[in-house]
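Examining the three-dimensional arrangement
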Amino acid sequence: MPEKPPETAAVWNAMQWGIDAGVPVVSHFFNCYQQLLSAEEEIIMTEEIMSFMNDNVFGVWFLIGAALVFWMQAGFAMVETGFTRAKNAGNILMKNLMDFCIGTVMFILIGFGLLLGEDIVGLIGKPGFDIFTAYESFDWSNFVFNLVFCATTATIVSGAMAERTKFLSYCVYSAVISALIYPIEAHWVWGGGWLAQMGFHDFAGSACIHMVGGVCALIGAKMLGPRIGKFTKDKKGKITKVNAFPGHNLPLGALGVFILWLGWYGFNGAAAVTVAELGSIFVTTTIAPAVATVVCMIFTWIKYGKPDVSMCLNASLAGLVAITASCDVTDAFGSIVIGAVAGVLVVFGVWLLDHKLHIDDPVGAVAVHCMNGIWGTIAVGLFATDTAPAFARGFGDGVTYGANQILGEGLFYGGGFKLLGVQLLGMASIIAYTAVTIVITFAVIKAIFGLRVSEEEEIVGLDSMEHGLPSAYSGFSIMDVSNTMTMEVNENTDLGNDDYAKASEFQKNAAVKVVEAPVMASPSGIYKVVVIAKLSRFERLKTALNDLGVTGMTMTQVMGCGIQKGAGEKYRGAEIDATLLPKVKLEVVVSKIPVEDVVETVKKTLYTGHIGDGKIFVYNVDRVVKVRTGEENYAALQDVE
C-alpha cells in the first residue's frame with residue numbers, strides 16, 4: 001500500500017475504515033486513488049530523471065566549452081604569428097604557450113580564490129587553497145572553465161607588444177595579469193562583487209576579458225614604443241608617414257581566425273543551461289561576426305580601393321568580441337547592428353592608432369579587443385530584450401546574487417537608461433582599475449628588467465636573439481619582405497616607348513644598363529654575366545636564356561632600391577614603404593655562346609620602357625673547374641650551354 005500523504009491523512013483513514021467494513025463503493029474509490037498516486041509518482045520520477053540528465057548533459061557541455069576556449073590559444077598563436085614577421089614567429093608561439101602555462105600556476109596560487117572565493121565587501125574573493133586542502137569537494141569544472149578565460153586575457157596583450165618585447169618581461173606581466181588584474185575585476189562581475197550586485201551584465205567577457213586585455217595592450221604598446229621603421233619622422237621629429245609591416249603568413253592568420261571563431265561557440269555558449277539558451281547564443285554569435293566582416297569588406301573597398309584581407313580577418317574577431325557581453329540577452333536584429341558597428345569600428349581603431357595616436361599595434365589587438373570590448377559592454381544597455389531565452393535568468397552564468405536579475409530591457413527596446421547607466425559605470429570602473437594596475441606593473445618591470453629588446457635584437461629577430469632559434473621555418477628559405485610588395489611603376493621613370501624593337505639605343509641602355517669590367521677580352525674566352533631584375537620577370541628571363549642555349553644558372557632573391565620606387569599599395573590603411581623592392585640576382589657563365597647574345601637577350605626580355613628595368617654586369621672568368629670530372633674551362637661548361 002502506498003504511503004499516505006500527510007495532507008490527506010483524514011481522507012485516507014476514512015477510506016481504510018470503509019474497506020474494513022466491506023463497503024464496495026469505498027473499495028472501488030480506494031483502488032482508483034491508488035492508481036492516481038502511482039501516476040503522480042511516475043510523473044515526478046520522470047521529471048527527476050529528465051532534470052538529472054539535463055544537469056549532466058550541460059555539465060559535460062560546460063567542460064567541452066572550456067576545452068574549446070583552451071583551443072582558442074592555438075587561434076591566437078596563429079593570428080599573431082601570421083600577422084607579424086617570420087623572424088619573430090618562434091618568439092610569438094612561445095609567448096602564447098607560456099600565457100596559459102604561467103597563467104595556470106598563478107591561478108592555482110591566488111587567482112581562483114580572488115575570483116570565486118567568498119566575497120569580501122564586494123571587491124575581492126577570499127584567497128584559499130581548497131584545491132589542496134579539500135580536493136574531494138573542490139569545484140573542478142568551475143576551476144578549469146575560469147582558468148581558460150583567465151589565460152585569454154593575458155594572450156590579448158601579446159599581439160600589440162609583439163616583435164620588440166623582452167621575453168622575461170613578458171612572462172612577468174603575463175603572471176601579474178593572471179594573478180591579480182583579471183581575477184579581481186572579474187570578481188566584481190562574476191564572483192558576487194559590487195558590479196554584480198548592481199546588475200551589471202557581461203555574459204562571457206566583452207568587458208572582463210577583451211576590454212581588460214585591450215586596455216593592457218594599448219598601454220603596453222604605448223610605453224614600449226613602435227617597431228623600428230614603423231613611423232617616418234622629419235628633421236624636427238614630427239611623424240610624416242606611417243609604414244606598413246605586412247604579416248608574413250596571412251593563410252596562417254586566417255586559420256587562426258577560423259579556430260577562434262569555432263572556439264567562440266564554447267566561449268559564449270558554455271554557460272548556457274538549456275537548449276533554447278544555447279541555440280539563441282549560437283545564432284547571435286554567428287550573426288555578429290559575419291555582418292562585421294561584410295561591413296568591413298565594403299568599407300575598406302570604398303576607402304582604400306580594394307577589400308583589405310587582414311582587416312576583414314580582424315573584423316570577424318571584432319564582431320565576436322562585440323557580441324560576447326550580450327549574446328545571451330539580445331536577438332537577431334541586435335546582433336546585426338552590433339556586428340555592423342564592430343566592422344567599422346575595427347577599421348577606425350587601426351587608423352586611430354596608426355595616424356593619430358602613433359601607437360604601433362602589429363596585429364590590431366587594441367582595435368579588436370579594447371574598442372569592441374567597450375562597444376560590446378555598452379551594447380547590452382541598448383539591445384537587451386526579454387525575447388531572448390536567457391533574459392529571465394539574469395546574469396547568465398548560472399548564479400544570481402541576491403534578488404538581482406538583469407535590470408530590464410535595453411534602451412532601444414523600451415527599457416530606458418537604467419541598464420545602460422550601470423553598463424557605463426561598470427565599464428569605466430573596470431578600465432580605471434586595469435589602467436592603474438597595468439601602468440604600475442609595466443613601470444616596475446621597466447625599472448627592474450627593461451621592457452624592450454635592443455635595436456640589434458629587434459633587427460636580427462627575437463627567434464635568434466631571445467631563443468637561439470635560427471628560424472621557425474627550418475629547411476625553408478625565408479626572405480623578410482617587410483615594406484615590400486608589388487609596386488606601381490613610377491611615372492617619372494617612363495622612357496616613352498615600351499617596345500624594345502622600336503626603342504632607341506639610349507632608351508635601351510637607360511632601362512637595362514650594362515656594366516662591363518674594365519679589362520681586355522677574357523683570355524679563357526669565358527664570361528660571367530650577372531643580372532639584377534624584377535622578381536616578376538624571372539620566369540620570362542629564364543625561358544629566354546634557355547631558348548638561347550643557356551641551361552645552367554644560379555638565382556638568388558635579393559632586395560634592391562633605386563629610382564624606380566613607385567607609389568605604394570595599402571596594407572591595413574597604411575602605405576607600404578617602397579624603398580626596398582624584391583628582386584632576383586641571376587648569374588650565368590658562358591663560353592661557346594657569345595656574351596653579346598646573352599646581353600642582348602637579357603635586355604630584350606627585361607625591357608618595359610622604364611628606368612630601373614634591370615642591370616647587367618659582365619666579368620671575365622680566368623678559370624672554371626668542374627668538380628665531378630675535373631674538366632676545366634670550355635669543357636667544364638658544355639653541359640650547361
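1. Quick word on the overall build of the protein chain
Along its length, the protein chain carries 19 helices and eleven strands. Within the protein chain, the fraction of its 641 residues that count as buried is 52%. Considering only contacts in the protein chain between residues 6 or more positions apart, those separated by 24 or more positions represent 79%. Surface exposure of the protein chain reaches about 28600 Å², of which carbon and sulfur atoms provide 65%.

2. Points about the packing of helix H6 (residues 167-190) against helix H14 (residues 418-448)
In contact at an axis separation of 10 Å, H6 and H14 are set at 160 degrees when each is read in the N-to-C sense. When the interaxial angle is binned, H6 and H14 end up roughly antiparallel. Helix-helix and strand crossings are classified by hand; for H6 and H14 the assignment is right-handed. Counting all contacts with H6, which are made through Ser169, Val172, Tyr173, Val176, Ile177, Leu180, Ile181, Ile184, Glu185, Trp188 and Val189, the residues of H14 involved are Ser429, Ile430, Tyr433, Thr434, Thr437, Ile438, Thr441, Phe442 and Ile445.

3. A word on the environment of Thr152
With respect to the helices and strands, Thr152 occurs in helix H5 (residues 140-160). On the basis of relative accessible area, Thr152 is assigned to the buried category, the value being 0%. Ignoring any residue separated from it by four or fewer positions in sequence, one finds Thr152 in contact with Val69, Gln73, Phe76, Ile209 and Phe267.

4. Here we look at the pattern of salt bridges
In the structure shown here, the tally under the stated rule is ten salt bridges. Linking Arg85 and Glu163 is a salt bridge whose minimum nitrogen-to-oxygen distance equals 3.1 Å. Taken together, the residues Arg85 in the loop between helix H2 (24-82) and helix H3 (89-116) and Glu163 in the loop between H5 and H6 connect sequence positions 78 residues apart. When its relative accessible area of 6% is taken as the criterion, Arg85 is described as buried. Residue classification places Glu163 among the buried residues on the basis of a relative accessible area of 0%. Across the pair Glu539 and Lys542 runs a salt bridge whose closest N-O atoms are separated by 3.4 Å. Remark: Lys542 and Glu539 occur in helix H18 (residues 538-548); sequence separation between them is three residues, near one turn of the helix. Through salt bridges with shared partners, a single ionic network connects Arg85, Glu163, Arg227 and Asp360.

5. Some points on unusual backbone geometry
Positive phi values are uncommon outside glycine, yet Val121 reaches one of about 50 degrees. Here Val121 shows up in the loop between strand S1 (119-120) and strand S2 (124-125). Overall, the relative accessible area of 70% leaves Val121 in the exposed class.

6. Quick word on a nonpolar patch on the surface
A surface patch of nonpolar side chains, amounting to about 560 Å² of accessible area, comprises Leu168, Val436, Ile440, Val444, Ile448 and Phe449. By residue number, the principal contributor to the nonpolar patch is H14, which donates four residues. With respect to the helices, strands and loops of the structure, Phe449 is situated in the loop between H14 and helix H15 (455-460). Among the residues examined, Phe449 registers a relative accessible area of 35% and is labelled partly exposed.

7. A word on helix H19 (residues 595-606)
If you check H19, its first and last C-alpha atoms are 17 Å apart, about what twelve residues at 1.5 Å a residue would give, namely 16 Å. Val595, Val598, Val599, Thr601, Val602, Lys603, Thr605 and Leu606 are the residues of H19 that are buried.

8. Here's the deal with the packing of aromatic side chains
This model, assessed by the stated rule, comprises 22 aromatic pairs. Geometrically, the ring pair formed by Phe70 and Phe100 is edge-to-face, given 4.8 Å between the ring centres and 65 degrees between the ring planes. Taken together, the positions of Phe70 in helix H2 and Phe100 in helix H3 put the pair 30 residues apart, joining distant regions of the chain. In this structure Phe70 comes out as partly exposed when scored by relative accessible area, which is 40%. Exposure remark for Phe100: the relative accessible area of 18% places this residue in the buried category. The interplanar angle of 80 degrees and the centroid separation of 5.0 Å between the aromatic rings of Tyr173 and Phe442 together place this pair among those described as edge-to-face. A residue pair is termed long-range when its members are at least 10 positions apart, and Tyr173 in helix H6 and Phe442 in helix H14 qualify at 269 residues.

9. Comments concerning the side chain of Thr165
Looking at the secondary structure, you find Thr165 in the loop between H5 and H6. Within the local environment of Thr165, its side chain forms a polar contact with the backbone oxygen of Met161, the two atoms lying 2.5 Å apart. When neighbours within four sequence positions are excluded, Thr165 is seen to be in contact with Lys95, Tyr170, Tyr173, Leu224, Leu451, Val453, Leu462 and Glu466.

10. With respect to the packing of H5 against helix H8 (residues 206-224)
Running from N to C, H5 and H8 point in directions that differ by 30 degrees, and their axes come no closer than 8 Å. If you check the angle between H5 and H8, you find them roughly parallel. Classified by chirality, the crossing of H8 by H5 is right-handed. Across from Phe149, Thr152, Thr153, Ile156, Val157 and Ala160 in H5, the residues of H8 making contact are Cys208, Ile209, His210, Val212, Gly213, Gly214, Cys216, Ala217 and Ala221. Looking at the contact of H5 with H8, its residues break down into ten nonpolar, five polar and no charged.

Calculation notes
Sequence order as written defines residue numbering, which begins from 1 separately in each chain. For this predicted model, a pLDDT threshold of at least 70 governs which residues receive local features, and a threshold of 80 or more governs which side-chain atom pairs are given and counted, while totals over whole chains, interfaces and linings are taken from all residues. With hydrogens and water excluded, all non-hydrogen atoms of the structure serve as input to the side-chain values. Labels follow the DSSP assignment, with helices taken as runs of H or I lasting at least four residues and strands as runs of E lasting at least two, numbered in each case from the N terminus. In this scheme, a residue with accessible area under 20% of its type's maximum is buried, one over 50% is exposed, and one in between is partly exposed, where area comes from a 1.4 Å probe on protein chains only. Whether two residues are in contact is decided by their heavy atoms: any pair within 4.5 Å suffices. Residue exposure ignores everything except the shown protein chains as possible cover, and the areas themselves are Shrake-Rupley values with a 1.4 Å probe. To get an axis, fit a line to the C-alpha atoms, keeping to the stretch in contact for a helix; angles then go from 0 to 180 degrees between the N-to-C directions. Each angle is binned into one of four classes, with values under 35 degrees roughly parallel, values over 145 roughly antiparallel, values of 65 to 115 roughly perpendicular, and all other values oblique. Each crossing is labelled by how the near helix is turned from the far one, with a counterclockwise turn of less than a right angle marking it left-handed and a clockwise turn marking it right-handed. Salt bridges are identified by distance alone: a Lys or Arg side-chain nitrogen within 4 Å of an Asp or Glu carboxyl oxygen. Exposure above 30% relative accessible area and no salt bridge define the residues that can form patches, which grow by joining like charges within 9 Å and nonpolar side chains of Val, Leu, Ile, Met, Phe, Trp and Tyr within 5 Å. Helix span is expected to be 1.5 Å times the residue number reduced by one. Pairs were defined over the aromatic rings of Phe, Tyr and Trp, the Trp ring being its six-membered one, requiring ring centres within 6.5 Å. Orientation was assigned from the angle between planes: stacked under 30 degrees, edge-to-face over 60, tilted for the rest. As used in this structure description, the phrase polar contact means that two N or O atoms lie within 3.5 Å; if the pair is within protein, one of them must be able to donate a hydrogen and the other to accept it, and residues adjacent in sequence are counted only when both atoms belong to side chains. Ten residues, namely Ala, Val, Leu, Ile, Met, Phe, Trp, Tyr, Cys and Pro, are considered nonpolar, four, namely Asp, Glu, Lys and Arg, are considered charged, and the remaining ones, Gly among them, are considered polar.

These figures capture arrangement, not role.
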